[in-house]
Amino acid sequence: MTGMLDDLARRLKAALPGTVPVLPPEEFLVPAEWEQEDATGTLVLNGERGLHVYLRQKAPGGYVQLHDLQPVGTTSGVFDEHWATIDTIAPTEQAASALARLVRQAIGGTPRTGGPIRLIVPPRTERHGTSVRITQQFSVRSAHPR
């Protein structure tokens, strides 16, 4: 399963602008816990902290958050299927939507176009005070090794 997640991360990093971080599941809290830095990268004493600071300093164009793959089961005895949840978070809805579109283009097809990775749930948008999160869920199929 880690191989599939690593593959998704590699494909996304290759397709997205270099300024857009792609965070693995274990870095889920990094944006929320981000502490303000000065121009040299040193933490600012009594500085701001949180997602809005991360977006301003580290990811002004937004970022992509990968979640752990959720096993769905074996579909045919030949393939394993997992659900991959991928969030795009940005300061504006326009930026989050643009990232979400790039994610879809980078990793897969649709139920109509096929492919090993398909969008299975329409994107869901959540608006928060300083950011917009678009959540997409994909079906990821992988062949059993021989």
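Before reading further, recall that the structure is shown in the block above.
This one's a predicted model, so the numbers in the text were calculated from it and none came from an experiment.

Conventions used here
- Throughout, residues of each chain are indexed from 1 in the direction in which the sequence is written.
- Totals for whole chains, interfaces and linings use all residues, but because this is a predicted model, local features are given only for residues with pLDDT of at least 70 and pairs of side-chain atoms are given and counted only at 80 or more.
- To get the side-chain values, all heavy atoms of the structure are used, and hydrogens and water are removed first.
- A run of H or I in DSSP becomes a helix once it reaches four residues, and a run of E becomes a strand once it reaches two; helices and strands are each numbered from the N terminus.
- Burial classes: relative accessible area under 20% of the type maximum marks a residue as buried, over 50% as exposed, and values in between as partly exposed (1.4 Å probe, protein chains only).
- Contacts between residues were defined by any pair of non-hydrogen atoms, one from each residue, lying within 4.5 Å.
- Working definition of accessibility: Shrake-Rupley area with a 1.4 Å probe, residue cover restricted to the visible protein chains.
- A residue counts toward a patch only above 30% relative accessible area and without a salt bridge, and it is joined to like-charged neighbours within 9 Å or, for Val, Leu, Ile, Met, Phe, Trp and Tyr, to nonpolar neighbours within 5 Å.
- Here, a salt bridge means any Lys or Arg side-chain nitrogen found within 4 Å of an Asp or Glu carboxyl oxygen.
- Whenever two N or O atoms come within 3.5 Å, that pair is a polar contact, provided that in protein one can donate a hydrogen and the other can accept it, and provided that, for residues adjacent in sequence, both atoms are side-chain atoms.
- Residues belong to a common nonpolar core when they are buried Ala, Val, Leu, Ile, Met, Phe, Trp, Tyr or Cys residues joined through side-chain atoms within 4.5 Å.

Peer 1: Explanation requested: the overall build of the chain in the structure shown.
Peer 2: When its secondary structure is counted, the chain shows four helices and six strands. Starting at the N terminus and ending at the C terminus, the chain contains elements arranged as α-β-α-α-β-β-β-α-β-β. Expressed as a percentage of the 146 residues in the chain, the buried residues total 36%. Sequence-distant contacts, at least 24 apart, represent 56% of the contacts inside the chain between residues at least 6 apart. In the form shown here, the chain has an accessible surface area of approximately 8400 Å², with 53% of it arising from carbon and sulfur atoms.

Peer 1: Looking at this structure, I do not really get a nonpolar patch on the surface. What am I missing?
Peer 2: Nonpolar side chains collect at one region of the surface, where V72, W83, I120 and V121 lie side by side and expose about 300 Å² of accessible area between them. Checked against the element boundaries, V121 lands in strand 5 (residues 117-127). By relative accessible area, which is 34% here, V121 ends up partly exposed.

Peer 1: Just to check I follow, could you spell out the side chain of Q65 for this structure?
Peer 2: Turning to its location among the elements, Q65 is positioned in strand 2 (residues 63-66). Looking at Q65, the relative accessible area reads 0%, which means it is buried. In this structure the side chain of Q65 is engaged in a polar contact, spanning 3.3 Å, whose partner is the backbone oxygen of L23. A distance of 3.0 Å separates a polar side-chain atom of Q65 from the backbone oxygen of P24.

Peer 1: Looking at this structure, I do not really get the nonpolar core. What am I missing?
Peer 2: In summary, soluble globular proteins display a tendency toward joint burial of nonpolar side chains. The biggest cluster of nonpolar side chains holds 21 residues, and the ones touching the most others in it are L8, L12, V64, L66, I86, I107 and F138. When contributions to this core are tallied by element, the ones reaching two or more residues are helix 1 (2-15), strand 2, strand 4 (79-90), helix 4 (93-107), strand 5 and strand 6 (132-143). Among the elements that make up this core, the one with the highest residue count is helix 1 (five residues). If we skip the residues at most four places from it in the chain, V64 touches L12, L16, V20, P21, V22, L23, I86, D87, T88 and V103. Counting residues in hydrophobic clusters, the runner-up holds eight residues, among them V53, Y54, L55 and I89.

Peer 1: How do you make sense of the pattern of salt bridges when you look at a structure like this?
Peer 2: Working definition: two side chains of opposite charge can pair if their charged atoms are close together. Under the defined criterion, the tally for this structure stands at five salt bridges. For R11, the salt bridge identified is with D7, shortest N-O distance 3.7 Å. Pair noted here: R11 and D7 are both in helix 1, with a separation of four residues, about one helical turn. What makes D7 partly exposed here is its relative accessible area of 30%.

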